[in-house]
Structures are given as structure tokens and as C-alpha cells.
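What follows is each chain in one-letter form.
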Amino acid sequence: MSETFNAERLTRLCDFLRQSPTPWHAAGNMAARLEQAGFQRLEEKANWQLTPGKRYYVTRNDSAIIAFQLPESELTGLRMIGAHTDSPGLHLKPNATQCSAGWLQLGVQVYGGVLLAPWFDRDLGLAGRVHVRHADGHLESILLNVDRPIATVPSLAIHLDRDVNSGRPINPQTQMAPVLMQSDTATLPELLAQWLKEQHGLNGIEVVDFELGFYDVQPPSLVGVKQELVASARLDNLLSCFIGLEALLACDGSQGALLVANDHEEVGSASACGAQGPFLADVLKRINAQVGGKVGIQGDGRKGEKRDKKRDEKGSEETLIQLIQSSLMISCDNAHALHPNFRDKHDECHGPAINGGPVIKVNASQRYATNSVTGALFRDVCREADVPVQSFVTRADMGCGSTIGPITATELGVPTIDVGVPQWAMHSIRETAGSKDVEYLTRALVSFLNRASLS
Ligand SMILES: [Zn+2]
């Protein structure tokens, strides 16, 4: 194996994780890197004029993003990478202000399958989007990130709960409202106004609505004697968003390539910007309408003109189905690595090792979209990239999670494979993955995006 520890890439990863406490921040940071690399922003409400050889991106709800590059030559299929921008967490209720024992607390609702216990005794920040009304009456949406420890969820001392280590259940309604300040009168709207003034210089505004969540302000770090591990919040699935983006930015541009990062995977993907919504299909329709159809466009501008004439006939539903069926989606979402303290939770022959390379996820009940055709292709991609590959299937006596892969495959009919970096502590406030696996999956995806043939 060649070099698997890329310090610069890991630094970029840690910066991205730290600066992306919410899907809006994640999509915004991805958009900023795409812009820097020359990708042109498209607006969903505007007409699109797509040119072969150019690179574009578009967002929906500001929390999901699709970036793509069109080849100079005929678009015969797209090499697609999927991921999701959201992570489980504690989100604020609309009327969040509550007061107990002289403390201002904020009521929370649980977003996704949160592992609740690790949220206690953490230094919490608050981030999301806030909508304000200015003095002249106009509304504005603002990204807020109070990136300092403004809250905590204190544990109850063991002396007051002797059974706590015997599996006492945690009630998020009554036991998990973070405490923010010693006050009987302070309210959330007042605090928001103060933070908006502090961060954005806003005065005389009224907070009209918000979507905000708490997060751990401890920055990501490399852990282990040899720094074998990356520890951070939101590795599921910002790690895949980051790797997909790195691969798209590093590929040679010779092939049609697309990265989609949906929102709302952790709550089932059923939304306008989730994988079950029409975001990707809408973008593919528009790509097909502009540059779809198997019409040769190699050569000079005159041939390009000929092609323009044929576009109307060719950018049809027929060519859209051809495009989708000639494409491949690698859906990237983290996998469960074998845990040294809980080895019996994995099938004996399917315990993916941290730093053992990307994991192909298989499930006979189609909780993962992988089949032997897409699996074989990914194995070949990894062979070409000199990257080890592992497989995961859940124990036959346990249930299986799912991800955006099967949902995208169901919605679009695109051949799909589910893969992911192996990690521990999925859905904890601090998760752990392998630092070498970051490089392995990036290399495999670059090789995929540059691959001349998908068969
Ligand atoms: Zn997840």
C-alpha cells in the first residue's frame, strides 16, 4: 500500500467538521470550496445554461447540495457519489424557554437516533438558522453559530441515583434540557437577539422563527498513540460529504461526475431535500434536457452546433432513462466497525476493521442497495486504486440500519452500491473513525470518478 496518512487532508477534514455544526453550515462550507475550485452556482428558480466541460453546483433548502462536472465529450453516464449532511442531535423546541430552580433552560426535541448518554456533561454550543424581521419589515435568514460553551446537560450524581450504572433509561423530555444561565427572567429570543448583534452586528431586529440545535464544541482531534483515529462529532455522515467533495475536486474531469449530499437521512429521508425527495431527479432531468442524449459532440464548435439542433429530440424522457441506467451511484455512509469490547455484536466473518479500508454493505432484505454487479465494480475500483476493501452484513439475528442508497435506488432506478468508512460509536456526540480510512475511501472514489467504463 502506498501512503495512507495524508496530514493535509486530515487537517482539512477536522476544519470542515469543526465549522459544520449543522447541515446548513456543512452545505455552505462545501459550496465555498466548490466556488473556490471554479464550480459555478446554479439557482433552482432560474433557467440553466449548461456547457460541456464545465462544473456546477446547486443547493436546496441551503442544507442539501449537488455538484457535478460535465465531460467535454459525450455524456454517456454519471459517476455519482451520495452522502448526507445531517446528524442526530438535540434541536430546540419552538417555545424553548423554560425555567427551573432559578436556571434558564431550553427544551429540546430529539432529531434522529441519538445515543443520549454521551450528551451529559459536555460543553455545548448552539447553531442553525434564524429568520429575523428588520425594522423596515423585510425578512432575512441568517446562519448562527454560537461556537463557545454556553450550555451543558449536567448528570445526576451517582449518590442520588445508585442504579445509574445498571441501565437506567434516559428521558429526553424531563432529563435533558440543557442549562444556560442563572436567571428567572431571561428568554431565548433575548439571547438570540444578543448573539445576532454580537455575530452579525444586527440591531433592532425581531426573531421570527428558527431551527437551532446544540452541539459539542470540543474540536475534532487525532487520537491514539500513532494517531490512528479521528474523533469528532458528526462523522456520520460529514466524513462521507468531505471525502466525496475531496474526490470530486481531485478527479481529472474526463468523465461526467456528480456528488449529492442530501439532508434528513437521520429521520427517514422523506423531505424536499432528502433522498426520498425529488432533488436529484430534478437535477438529472435538467442535465438531460441540456446535454443528454447519445449525440457525439467531440470535435469543434460546428459539431457542437449540430448537436444543439438535435438536443430537442434527444433530451427526452427516453434519454433520461438511458442516462440513469448508464450511471452508477456509490452511496457513502459510515459502517459499524468491529468493537474490541463488543466483538459478539458482529458476524464472525464480517467485522470491518478500523483502518482496513472502505466497507461494502450488503443486506438481503435490501436495507442496502448493493448487489453483486455494483459490488464487483467497487471491488475493481478499489483494486485499481490499491485500496483494501471489506464487507459488512449484519448478524442474522439482528436488525439492520439503512441509508440513502436504497432510497435513491428506489426513487431513480439507478444502479447503486452502499459503502462507508468503518466507525465506532455511531450517533454518539463524539464518534471515532480511522485516519487511514479517510485516505483509502478518497483514493477509491477518485479512481471511480476517473474510470472510463462503468462495466
Ligand atoms: Zn446515521
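Residues numbered from 1 in each chain as written. Predicted model: local features only at pLDDT ≥ 70, side-chain atom pairs only at ≥ 80, totals over all residues. Heavy atoms only, no water.

### Concerning the overall build of the protein
Our working rule: Helix and strand definitions follow DSSP, with helices as H or I runs of at least four residues and strands as E runs of at least two, each counted in order from the N terminus. Throughout, the radius of gyration refers to the C-alpha atoms, and the reference size of a globule is 2.2 Å times the residue count to the power 0.38. Classification of residues uses two cut-offs on accessible area relative to the type maximum, computed with a 1.4 Å probe and protein chains only: under 20% is buried, over 50% is exposed, and between them is partly exposed. Whether two residues are in contact is decided by their heavy atoms, any of which lying within 4.5 Å being enough. Surface accessibility in these figures is a Shrake-Rupley result with a 1.4 Å probe; residues are shielded only by whichever protein chains are displayed.
Of the regular secondary structure elements, the protein holds 11 helices and 20 strands. Here the C-alpha radius of gyration of the protein, 23 Å, is about what a compact globule of 455 residues would show, namely 23 Å. Dimensions of the protein, computed from C-alpha atoms along their principal axes, come out at roughly 75 × 65 × 40 Å. Across the 455 residues that make up the protein, the buried fraction comes to 51%. Across the protein, the fraction of contacts at a sequence separation of at least 24, relative to all contacts at a separation of at least 6, is 77%. Of the accessible surface of the protein, which amounts to about 20300 Å², a share of 49% is contributed by carbon and sulfur atoms.

### Observations concerning the confidence of the model for the protein
For any part of a model where pLDDT is low, the fine detail of the predicted coordinates should not be relied upon. The cut-off we apply is this: Values of pLDDT, which run from 0 to 100, indicate the predictor's confidence residue by residue.
Scored by pLDDT, the protein comes out at a mean of 93, with 95% of its residues at no less than 70. This stretch, residues 295-312, has a pLDDT under 50; its non-local contacts, to residues over four places away or in other chains, come to 18 contacts.

### Observations concerning the state of the cysteines
The criterion, for reference: Whenever a pair of cysteine sulfur atoms sits within 2.5 Å, that pair is classed as a disulfide.
Inspection of every chain in the model, using the stated rule, returns 0 disulfides. No disulfide involves Cys14; its nearest neighbouring cysteine sulfur is the one of Cys241, lying 15 Å away.

### Description of the side chain of Ser20
As a reminder of what qualifies: Polar contact is defined as a pair of N or O atoms within 3.5 Å, subject to the rule that within protein one atom must be able to donate a hydrogen and the other to accept it, and that residues adjacent in sequence are counted only when both atoms are side-chain atoms.
As for its position among the elements, Ser20 is in the loop between helix H1 (7-18) and helix H2 (23-36). Within the structure, Ser20 has its side chain in polar contact with the backbone oxygen of Phe16 (distance 2.7 Å). Setting aside residues up to four positions removed in sequence, Ser20 forms contacts with His25, Ala26, Asn29, Arg234 and Leu238.

### A closer look at the layout of surface pockets
Heads up, the rule is: Put simply, the grid is 1 Å and covers the protein atoms alone, a cavity is a trapped set of points that fit a 1.4 Å probe, a pocket is an open set with protein on both sides within 12 Å along at least five of seven lines, and lining residues have an atom within 4 Å of a point. Grid points are joined across faces, edges and corners, and a volume is the space filled by probe spheres set on the points.
Of the pockets and cavities examined, the largest pocket occupies roughly 550 Å³. Lining the largest pocket are 35 residues, and of these Pro23, Ser87, His91, Tyr111 and Gly213 lie nearest its centre. Among the elements of the structure, H2, strand E5 (89-100), strand E6 (103-111) and strand E10 (206-216) are those that each provide at least two residues to the lining of the largest pocket. Take the lining of the largest pocket: its biggest share by element is 8 residues, from E10.

### Some remarks on the coordination of the zinc ion
Put simply, the test is: Keep in mind that water is not among the atoms, so a site may look incomplete; donors are the N, O and S atoms within 2.8 Å of the metal, or 3.2 Å for Na, K and Ca. In these descriptions, tetrahedral denotes four donors with every angle between 85 and 135 degrees, square planar four donors and octahedral six donors with opposite donors over 155 degrees apart and the rest between 65 and 115, and irregular any other case.
Every protein donor of the zinc ion is listed here as Asp236 (OD), Glu266 (OE), Glu266 (OE) and His427 (NE2), and their distances to the metal cover 2.1 to 2.8 Å. Its 4 donor atoms give the zinc ion angles of 51 to 138° at the centre, a pattern that matches the irregular case. Classification of Glu266 by relative accessible area gives buried; the value is 13%. The exposure class of His427 is buried, given its relative accessible area of 18%.

### A closer look at the pairing of strand E14 (residues 328-332)
Side chains on a regular strand alternate between the two faces of the sheet. Put simply, the rule reads: In this description, strands pair whenever DSSP reports at least two bridges between them.
For E14, a buried count of 5 out of 5 residues is recorded, marking the element as mostly surrounded by other parts of the structure. Here E14 shows a buried face lined by Leu328, Ile330 and Cys332 and a second buried face lined by Met329 and Ser331. As judged from the 4 bridges shared by strand E4 (residues 78-84) and E14, these two strands associate in the parallel manner. In the sheet register, Gly82 faces E14, and the bridge partner there is Ser331. Where E14 and strand E18 (residues 416-420) come together, 4 bridges link them in parallel fashion.

### Quick word on the packing of helix H5 (residues 235-250) against helix H11 (residues 435-450)
Note the following rule: Only the contacting stretch of a helix is used when fitting its axis, a line to C-alpha atoms as for every element, and angles between N-to-C directions run 0 to 180 degrees. Oblique is the label for every angle not falling under 35 degrees (roughly parallel), over 145 degrees (roughly antiparallel), or within 65 to 115 degrees (roughly perpendicular). The sense of a crossing depends on the near helix, which, turned anticlockwise from the far helix by less than a right angle, makes the crossing left-handed and, turned clockwise, makes it right-handed. Gly falls in the polar group here, along with every residue not listed as nonpolar (Ala, Val, Leu, Ile, Met, Phe, Trp, Tyr, Cys, Pro) or charged (Asp, Glu, Lys, Arg).
Viewed as axis vectors pointing N to C, H5 and H11 meet at an angle of 45°, and their least axial separation amounts to 8 Å. Taken together, H5 and H11 sit at an angle that is classed as oblique. At the point where H5 passes H11, the crossing takes the right-handed sense. Listed contacts from H11 to Leu239, Phe242, Ile243, Gly244, Glu246, Ala247, Leu248 and Ala250 of H5 are Val438, Leu441, Thr442, Leu445, Val446 and Leu449. Partitioning the contact of H5 with H11 into residue classes produces 11 nonpolar, 2 polar and 1 charged.

### Here's the deal with the sheet that holds strand E17 (residues 390-392)
Ordered by their spatial adjacency, 9 strands build an open sheet running E1-E2-E3-E13-E4-E14-E18-E16-E17, and the pairing between neighbours is mixed. Single-partner strands in this sheet number two, and they are strand E1 (40-41) and E17. Lying over the sheet, helix H10 (residues 404-412) contacts E4, E14 and E18, oriented at roughly 165° with respect to E18.

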